[in-house]
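A structural walkthrough
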Amino acid sequence: MNAPLPLKITQEAAAHAYDDVARVSNEVAGRLAARLAAETKGEVLFSGTDRGRYATDASIYQVMPVGVFVPRHATDVKTALDICRDLQVPIVPRGGGTSQCGQTVGAGLVIDYAKHVRNILAVDAEARTAEVEPGIVLDHLNAALKPHGLWYPVDVSTSAQATLGGMAGNNSCGSRSIAYGNMVHNVLGATAWRSDGSLLELGRYDAASGPARALGDYVKALSDQLRPEIEAHWPKVLRRVAGYNLDIFNNQNEKPYTPDGSVNLAHLLVGSEGTLALTKSLTLRLSELPRAKVLGVVNFPTFYQAMDSAQHIVKLGDGTLTAVELVDRTMIELSLQNPAFAPTVRTALIGQPDAILLVEFSGSSKAELTPKIKQLVELMGELGLPGSVVEMIDDAPQKNLWEVRKAGLNIMMSLKGDGKPVSFIEDCAVPLAHLADYTDALTQVFRKYGSKGTWYAHASVGTLHVRPILDMRREGASKMRAIAEEASALVRHYKGAYSGEHGDGLCRGEWVEWQFGPKINDAFAQIKNYLDPLNLLSPQRIVNPPKMDDTRLMRFAPSYKVIPIQTALDWSAWNVQNDPVTEQTGAPGTGGDAAQGFAKAVEMCNNNGHCRKFDAGTMCPSYRVTRDEKHLTRGRANTLRLALSGQLEGIKAEDAFTSDAVKDALDLCVGCKGCKRDCPTGVDMARMKVEFLHHYKAKHGYTLKDKLVAYLPDYAHWASRLALLLNLRDKIPGLAALSEKMMGFSAKRTLPQWKTQTFFNSGAAGASREEVLAAAKPVVLFVDTFNGYFEAGNASSALKVLQAAGYTVHIATKTVADGKSLCCGRTYLASGMVDKAKAKASELVAALLPFAEKGIAIVGLEPSCLLTMRDEMLVMGLGDAAQTISRQALLFEEFLAREATAGQLETLKARLKPVDQPILLHGHCHQKAFGAVSPIIDVLKLIPGAKPELIESSCCGMAGSFGYEASHYEVSMQMAELSLLPAVRQQPDAIVVADGTSCRHQIRDGAQREAVHVAVLLARQLQD
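Residues numbered from 1 in each chain as written. Predicted model: local features only at pLDDT ≥ 70, side-chain atom pairs only at ≥ 80, totals over all residues. Heavy atoms only, no water.

**A few points about the overall build of the protein chain**
Summing up its helical and strand segments, the protein chain has 46 helices and 25 strands in all. Projected onto its principal axes, the C-alpha positions of the protein chain cover 95 × 75 × 55 Å. Per-residue burial for the protein chain yields a buried fraction of 63% across its 1024 residues. Sequence separation of 24 or more characterises 73% of the internal contacts of the protein chain that already satisfy a separation of 6 or more. A total of about 36000 Å² of accessible surface is found on the protein chain, and carbon and sulfur atoms cover 52% of it. Side chains of the protein chain carry 109 positive and 110 negative charges; the gap between the two charge centres is 3 Å. (Helix = DSSP H or I, 4+ residues; strand = E, 2+ residues; numbered from the N terminus. Buried < 20%, exposed > 50% of the residue type's maximum accessible area, 1.4 Å probe, protein only. Contact = heavy atoms within 4.5 Å. Areas by Shrake-Rupley, 256 points an atom, 1.4 Å probe, with all protein chains shown as cover. Lys, Arg positive; Asp, Glu negative; His and termini not counted. Charge placed at Lys NZ, Arg CZ, Asp CG, Glu CD.)

**What to know about the nonpolar core**
Formed by 88 residues in total, the largest nonpolar core has its most connected members in F598, M685, M688 and M869. It is helix 36 (residues 834–853) that provides the largest number of residues to this core, a total of 10 residues. When neighbours within four sequence positions are excluded, M688 is seen to be in contact with W571, F598, A601, V602, L640 and V683. The next biggest cluster of nonpolar side chains, apart from the first, holds 62 residues, and it includes F300, A355, L357 and L385. (Core = buried A, V, L, I, M, F, W, Y, C linked by side-chain atoms within 4.5 Å.)

**Considerations on the packing of aromatic side chains**
For the coordinates displayed, the defined rule picks out 25 aromatic pairs. Between the aromatic rings of W234 and F524, the centroid separation amounts to 6.3 Å while the plane-to-plane angle is 80°, which identifies the pairing as edge-to-face. Of the two residues, W234 is situated in the loop between helix 9 (227–233) and strand 10 (278–285) and F524 in helix 20 (residues 518–531); the sequence distance between them amounts to 290 residues. One exposure class covers both W234 and F524, and it is buried. With 5.6 Å between their ring centres and 80° between their planes, Y244 and F524 make a pair best called edge-to-face. Here Y244, found in the loop between helix 9 and strand 10, pairs with F524, found in helix 20; they are 280 residues apart in sequence, far enough to count as distant. Side by side, Y244 and F524 carry an identical accessibility label, which is buried. (Phe/Tyr/Trp six-rings, centres within 6.5 Å; stacked < 30°, edge-to-face > 60°.)

**What about the sheet that holds strand 1 (residues 43–45)?**
Read from one edge of the open sheet, 4 strands run 1-2-4-3, paired in mixed fashion. One side of each edge strand has no neighbouring strand; the edge strands of this open sheet are strand 1 and strand 3 (91–94). Each adjacent strand pair in this sheet contributes to an overall mean axis angle of 20°, direction not counted. Across the sheet, helix 2 (residues 27–39) touches strand 1, strand 2 (67–70) and strand 4 (109–112), and the angle it forms with strand 1 is around 165°. (Pairing = 2+ DSSP bridges. Axes fitted to C-alpha atoms, helices over the stretch in contact; angles between N-to-C directions.)

**Overview of the side chain of E273**
Locating E273 in the fold gives a position in the loop between helix 9 and strand 10. As a buried residue without a salt bridge, E273 has its nearest oppositely charged side chain in R541, at a separation of 5.7 Å. Among the polar contacts made by the side chain of E273, one reaches the main-chain amide nitrogen of G505 at a distance of 2.9 Å. Those residues in contact with E273, other than ones at most four positions away along the chain, are Q103, G169, N170, G503, D504, G505, S538, R541 and I542. (Salt bridge = Lys/Arg side-chain N within 4 Å of Asp/Glu carboxyl O. Polar contact = N/O pair within 3.5 Å; in protein donor to acceptor, adjacent residues only side chain to side chain.)

**Structural notes on helix 4 (residues 74–87)**
Taking 1.5 Å per residue, 14 residues should reach 20 Å; helix 4 reaches 20 Å between its end C-alpha atoms and fits that length. Packed against the buried residues of helix 4 are helix 2, strand 2, strand 3, strand 4, strand 8 (187–193) and strand 10. Looking one or two residues past helix 4, Q88 carries a phi angle of roughly 60°, positive in sign. (Expected span 1.5 Å × (residues − 1).)

**Considerations on a nonpolar patch on the surface**
Judged by side-chain polarity, W718, L722, L725 and L726 come together as a nonpolar surface patch covering roughly 380 Å² of accessible area. With respect to the helices, strands and loops of the structure, L725 is situated in helix 30 (residues 723–726). (Patch = residues over 30% accessible without salt bridge, like charges linked within 9 Å, V, L, I, M, F, W, Y side chains within 5 Å.)

**A word on the pattern of salt bridges**
Scanning the entire structure with this criterion turns up 68 salt bridges. Residues D224 and K220 are paired through a salt bridge, measuring 2.8 Å at the closest nitrogen-oxygen approach. Of the two residues, D224 and K220 both sit in helix 8 (residues 210–225), 4 residues apart, roughly one turn of that helix. Given the relative accessible area of 33%, D224 is considered partly exposed. Among the residues examined, K220 registers a relative accessible area of 31% and is labelled partly exposed. Put simply, D655 and K699 hold a salt bridge, and the shortest N to O gap is 3.5 Å. Placement of D655 in helix 24 (residues 653–656) and of K699 in helix 27 (residues 685–700) is noted, with a sequence separation of 44 residues between them. Under the relative-accessibility criterion, K699 is labelled partly exposed at 44%. Here the salt bridges share partners, and the residues they tie into one network are K673, K676, D684, R687, R826, D871 and E872.

**Brief notes about helix 39 (residues 892–901)**
Residues that lie three or four places apart on an α-helix share one face, since the helix turns once every 3.6 residues. Judged by how many residues are buried, helix 39 sits mostly within the fold: 7 of 10 residues are covered. With its phi angle positive at about 75°, G903 sits one or two positions after the end of helix 39.

**Examining the sheet that holds strand 6 (residues 129–132)**
Spatial strand order, 5-6-10-8-9: 5 strands in an open sheet with antiparallel pairing. Looking at strand neighbours, the two that pair on one side only are strand 5 (120–124) and strand 9 (199–202), the edges of this open sheet. Mean inter-strand twist for the sheet, computed between neighbouring axes without regard to direction, equals 10°.

**Thoughts on unusual backbone geometry**
Of note in the backbone geometry, K495 takes a positive phi value of approximately 55° without being a glycine. Tracing the backbone through its elements, the reader meets K495 in the loop between helix 17 (476–493) and helix 18 (505–508). Relative accessible area serves as the criterion here: at 65%, K495 is assigned to the exposed category. Phi is positive for Q540, which is not a glycine, with a value near 60°. Assignment of secondary structure puts Q540 in the loop between helix 20 and helix 21 (598–602). Residue Q540 is classed as partly exposed on the basis of its relative accessible area of 43%.

**Concerning the state of the cysteines**
With the rule as written, the count across this model stands at 0 disulfides. Of all cysteine sulfurs in the structure, the one in C824 sits closest to C865, which takes part in no disulfide; the separation is 4.0 Å. (Disulfide = S-S within 2.5 Å.)

**Thoughts on the environment of G476**
When you line up the elements, G476 lands in helix 17. Between the alpha carbons of G476 and D308 there is a distance of 31 Å; along the sequence they are 168 residues apart. Setting aside chain neighbours within four positions, we find G476 in contact with L470 and D471.

**Here's the deal with the packing of helix 10 (residues 303–313) against helix 16 (residues 435–448)**
With their axes 7 Å apart at the nearest point, helix 10 and helix 16 run at an angle of 150° to one another. Between helix 10 and helix 16, the interaxial angle falls into the category roughly antiparallel. For the pair helix 10 and helix 16, the contacting residues are F303, Y304, M307, D308 and A310 in the first and L435, A436, D437, T439 and D440 in the second. (Parallel < 35°, antiparallel > 145°, perpendicular 65-115°, else oblique.)

Here you go:
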């Protein structure tokens, strides 16, 4: 078998690119890779692994591209187009790769705009326009526009990852289209390359000249000729994105494409899905940011009532109504199971509604809008639903609820088992008067085929997001076809649009002719041929599309098969099947996964791209630095899926999972667990990396660095006695460089300093086991290796604070003393030594179980160590004892926050001195992942005068040993410089609080500031 290709083909390696690529692919691919590498400055990615990562999007499809090109500048796109034209290689443009229908997968060259071609070219605040490159993400554009009091109002749910080019290609809509319209209503101009290389500048038809005018004349002639057909067959709804916008000369949309009725030729490209031209830039119409919003959440006892009420609700507001969005019972239940969303969802519920509608009003002031909520309350009373509205006037609860709603499509995909809600009829649009009857009839169709739909909708415009639950590995394709046939008949009956929001792609392309008839469909083909006579751009989309149920194009094709592995961790919770009607899952371990549930856990990633976001959430820190697809949670999950199913080209199936290709994809995963919390489908890449390392290291062996990190808890007790000697590494010139060469620890880093005086030999006085079991206010303090041997002051401070609060504190020790301290096993897990981690965890369980069984809190200081008890320890085969301990395991600040709420800390509060300095707080990644940041803020506020400010940051970049390693040092520092270190530098007088050992080290190295554990700050403020 041939060796895998290099991940990137550089200009320096261009001479060898042909041989490398042609050897494992074909001659044309080799010539394409060689020319791209030689003639552009972009990234040329032709390995089987890279191509596999770009073979999927958020649809059910998978098509392997010939290669991937990541242009550095717009000129690279033009050069790539010229090369592809010469070699007759199709092009598939791609933005965020979040399309639901397979628009961004194809057998040609995938061009990924999102990494570099993402600049804002111009903003005219007075004229309210902006010119942008197609790779810019919507949220990034709106962040830049906010200081001008403007925004781009096509607010799609994927705004944190969707690019403007992709949105234009799809004619995206968004939750507030009832007020602002679709993408087509908000595009003023476009420059784009035809497949022949000529550049079109498209804008108003009446001002056009040259090729643009000729294009307009050509399309106008077609439109005039087909006017009777257009008027007869064109859907008369706001949400219609199928085909091409041939109706620009004879508007059929509820909302005219332009305010003055003029024709804009740029609208021909909007919704064309990359089939007509390659976008260079877009000119956008901006809107004034709403100054105030209010939200009414209407709770309905039945789904039908929610749908039936929409037609009445949309009449409210006198122009201030901006959204009416549905969330059904399934989505409510799934949200309640997600710790990131559950608290927010509960604020919106009255009892147990079958559905809720989010009704938003926007305007100049809250005072102006509050009466609108009262009108909504009165209307619901008139409709027989008094007391059904939750009024949200303040901004924060509104924002939180909208975030849950935006994650809706992906929350639905968190259902475990092979049956998944499948996107193929999910955005059919019907007139509001028929919405309730349509949904009721479609529900009966689902039932007929042994399925159930999960719903949410843009109820304001009659567009339904409905996904019947189908098993695409078995009978899903045939059932999809049957349901689509019946759904289309309903859409026609109610005079709706079959494709209302998410486009055509591979999924709905074959329905274009069904929707418009043969004559209009032929006109679409003529437009395609006029602009792309070579059929080079996204072929077989819209014109001459494939069948939607062609299993050869699907991610889970009939040939899909998982390679058996024996897992080290317990993944049986994912190894289940589900009932598509009740959504109930079987018992763990009954799902038939040859990889014991690990493959099914990996397959939970539906490629939604939520991991591409750059907001205040945690994930994905390495992607934020590199912007490489392989460093996304999505990219890593795809790599694992391809490996586990033997689909990594150029690598034997049995060797794929433990290959260097997979290692490379996971190398920059810092185990932050941001995905565990932020990923709507719950992909836990940190745990997956532990599983991978267990197998990879078993095959390839452990390095000296691996062993030094893993065995730290075992040798710390004697290493501390050699502190003076070991610390010379950072004091004698040349030793740091030598350690880098021998062990891989960066010479640019100082290492943690060993101490002869540790917490464990300091004589710290705690209560005995018997005393704490009998105490009125008992607590057990678990002191980890890091705080015990390197930062003893943290443990001493925690002990002092707990005792000052009146608690009887027992310091956890082994049941059989051997001179070593208790350990959670975290360092072993970081190196993939699961068996040794389990041994350490077993000792911990034995020591802590008697206290946990009595309900005594077990308090820890280091987030990664303590939270291991609530995470990995539960999947090591330690039984119910580990579950019992996990329920009592609390971080120091979690315990104090809980006790303060219960009124148990009055004595402590009375002893705390005021603080007059600002306090900056950096949350450890695992604290964020487990929702444990707010307790730190609550505890800091116990100090009189304290006003803690949370640094909105992702991972600090250290992540245990990651940031110490020479191979990761630069990336580590880039992670820190994204937000953490600049925030620390901006407030030189602030007290910096960080509970993570590595976090504090990064702050000291990067900002020359000493951060402290919250326990240290509390102890400092204690009055004698």
